[in-house]
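Structural features, examined
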Amino acid sequence: MEAKKLFFAVSLIVIFLMYAVPYLVLSGNAGHYTLVFWAGLSAAYLAFVFLLTRR
């Protein structure tokens, strides 16, 4: 049950960042830094989900 709560919490954080980073931090500007940020965050999230569901 704890893994489901952790997965839900991390998913909410990732969803929040999807909206907060482009509009609040970058003021609507997209560029190379946005691509690098989302590629890194997506890879980390994928690794997290893989490790969490592997158990």
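Preceding block: the structure.
Summary of the structure given here. The shown structure was predicted, so the numbers you read here are calculated from the model rather than taken from an experiment. (Residues numbered from 1 in each chain as written. Predicted model: local features only at pLDDT ≥ 70, side-chain atom pairs only at ≥ 80, totals over all residues. Heavy atoms only, no water.)

1. A look at a nonpolar patch on the surface
Rules: Residues qualify for a patch when their relative accessible area is over 30% and they have no salt bridge, like charges being joined within 9 Å and the nonpolar side chains of Val, Leu, Ile, Met, Phe, Trp and Tyr within 5 Å. Here, Shrake-Rupley sampling with a 1.4 Å probe gives the accessible areas, and only protein chains in the shown set may cover a residue. Only one rule defines a salt bridge in this text: a Lys or Arg side-chain nitrogen within 4 Å of an Asp or Glu carboxyl oxygen. Strands here mean DSSP runs of E at least two residues long; helices mean DSSP runs of H or I at least four residues long; both are numbered from the N terminus.
A contiguous nonpolar surface patch, about 730 Å² in accessible area, is contributed by I15, M18, Y19, Y23, L24 and V25. Mapped onto the fold, Y23 is located in helix 1 (residues 2-25).

2. Regarding the environment of L52
Note the threshold: Note on exposure labels: buried denotes an accessible area under 20% of the residue type's maximum, exposed denotes more than 50%, and partly exposed covers the range between, all computed with a 1.4 Å probe on protein chains only. Should any heavy atoms of two residues lie within 4.5 Å, those residues are counted as being in contact.
Positionally, L52 belongs in helix 2 (residues 32-54). A relative accessible area of 13% means that L52 is categorised as buried. L52 sits 45 residues away from F7 along the chain, and the two C-alpha atoms are 7.7 Å apart. With near-sequence residues (within four places) excluded, L52 lies in contact with A3, L6 and F7.

3. Digging into helix 2
Going by this rule: Every helix has an expected span of 1.5 Å times one less than the residues it contains.
In this model helix 2 runs 33 Å from its N-terminal to its C-terminal C-alpha over 23 residues, within 8% of the 33 Å that 1.5 Å per residue would give. Looking at helix 2, one finds that the buried residues are T34, W38 and L52. Looking at the buried positions of helix 2, the neighbouring elements they touch are helix 1.

4. Considerations on the packing of helix 1 against helix 2
The following threshold applies: As a rule, the C-alpha atoms of each element are fitted with a line to give its axis, helices using only the stretch in contact, and angles between N-to-C directions run from 0 to 180 degrees. Should an angle lie under 35 degrees it is considered roughly parallel, over 145 roughly antiparallel, and from 65 to 115 roughly perpendicular; all remaining angles are considered oblique. Residues are sorted three ways: Asp, Glu, Lys and Arg are charged, Ala, Val, Leu, Ile, Met, Phe, Trp, Tyr, Cys and Pro are nonpolar, and all the rest, Gly among them, are polar.
Relative to each other, helix 1 and helix 2 sit at 170 degrees, their axes nearing to 11 Å. It follows that helix 1 is roughly antiparallel to helix 2 by the angle criterion. Residues A3, L6, F7, V10, S11, V14, L17, M18, V21 and P22 of helix 1 pack against F37, W38, L41, Y45, F48, V49 and L52 of helix 2. Considering only residue class, the contact of helix 1 with helix 2 consists of 16 nonpolar, one polar and no charged.

That is the geometry; function is a separate question.
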